[in-house]
Amino acid sequence: MRSFAASASLFLLFIATGNAIECEVCSNRAGMDCSGELVTCDQSVESCETAIAEYSFEGLDPIYNVFKNCSGVSSKNTFYRSAEKHGAYDLRVEVCKTNGCNNGPLQFPPKNTTLNGVRCPTCAVDGELSCDATEMFDCVGEMTSCIYVAANFRVSAAPPVPGAFRGCSSAGSREEHPVAPADTIEDVVTMIISKGV
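Cut-offs and rules
Residues numbered from 1 in each chain as written. Predicted model: local features only at pLDDT ≥ 70, side-chain atom pairs only at ≥ 80, totals over all residues. Heavy atoms only, no water. UniProt positions renumbered as here; feature names shortened; annotations may be inferred. Helix = DSSP H or I, 4+ residues; strand = E, 2+ residues; numbered from the N terminus. Buried < 20%, exposed > 50% of the residue type's maximum accessible area, 1.4 Å probe, protein only. Polar contact = N/O pair within 3.5 Å; in protein donor to acceptor, adjacent residues only side chain to side chain. Contact = heavy atoms within 4.5 Å. Pairing = 2+ DSSP bridges.

An unreviewed UniProt entry lists the protein chain under the name Sodefrin-like factor, from Ichthyosaura alpestris. Taken directly from UniProt, the Subcellular location (unreviewed entry) text for the protein chain runs: "Secreted".

> Outline the side chain of N152, listing residues and values.
For N152, the position within the fold is in strand β9 (residues 145-153). Since its relative accessible area comes to 18%, N152 is described here as buried. A polar contact of 3.3 Å, which involves the side chain of N152, links it to the side chain of D187. Every residue in contact with N152, bar those within four places of it in the chain, is listed here: P160, V161, P162, T184, I185, E186 and D187.

> Before we move on, can you summarise the pairing of strand β7 (residues 115-126) with the specific residues and values?
Taken together, the five bridges between β7 and strand β8 (residues 135-140) define a ladder with antiparallel strand orientation. Opposite T122, over in β8, you have E135 as the bridge partner. Sheet analysis places β7 next to strand β10 (residues 161-169), joined by four bridges and oriented antiparallel. Bridge pairing in β10 links V125 to A164.

The structure is reproduced here in structure tokens:
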């Protein structure tokens, strides 16, 4: 009987291992897509994900980061935007549930630039973990809350840089703020999301 139980356990383990999802794994800190190997995810993983981030700074070309991997348990489809007077951050995450389903590129939906009546204090600094707003910023589209973030930001392959900004956000609370792609925002010191003026 023990040998039957052991054989059954091995058979079930074999079947379970055979059902693990395979996801493309790669990253690119200088473009909108990447390609990599298909990796067999852990048994607890049921989906793959692609995350793309866009950083826009006044007077500069946008900077894109893309990450593809086995998805975390809490991963879900997400579209997030934030903006301050001189820049903006967009994040899109797509989760899918079949082998290799995250192998294509993601695009951002068109930007909604319609004023929504919300105004937020705005400021942005590099090299420091706080900034004091002296101006107000008019929010657009789905950005109907105000955000204040101070953390270490990593936009490129260079080491992370301390920074802080205040502006508009599409997240209505800290709980709604999406988890950023791997190591793009580290060591968050302050994150406050509030109603606009």
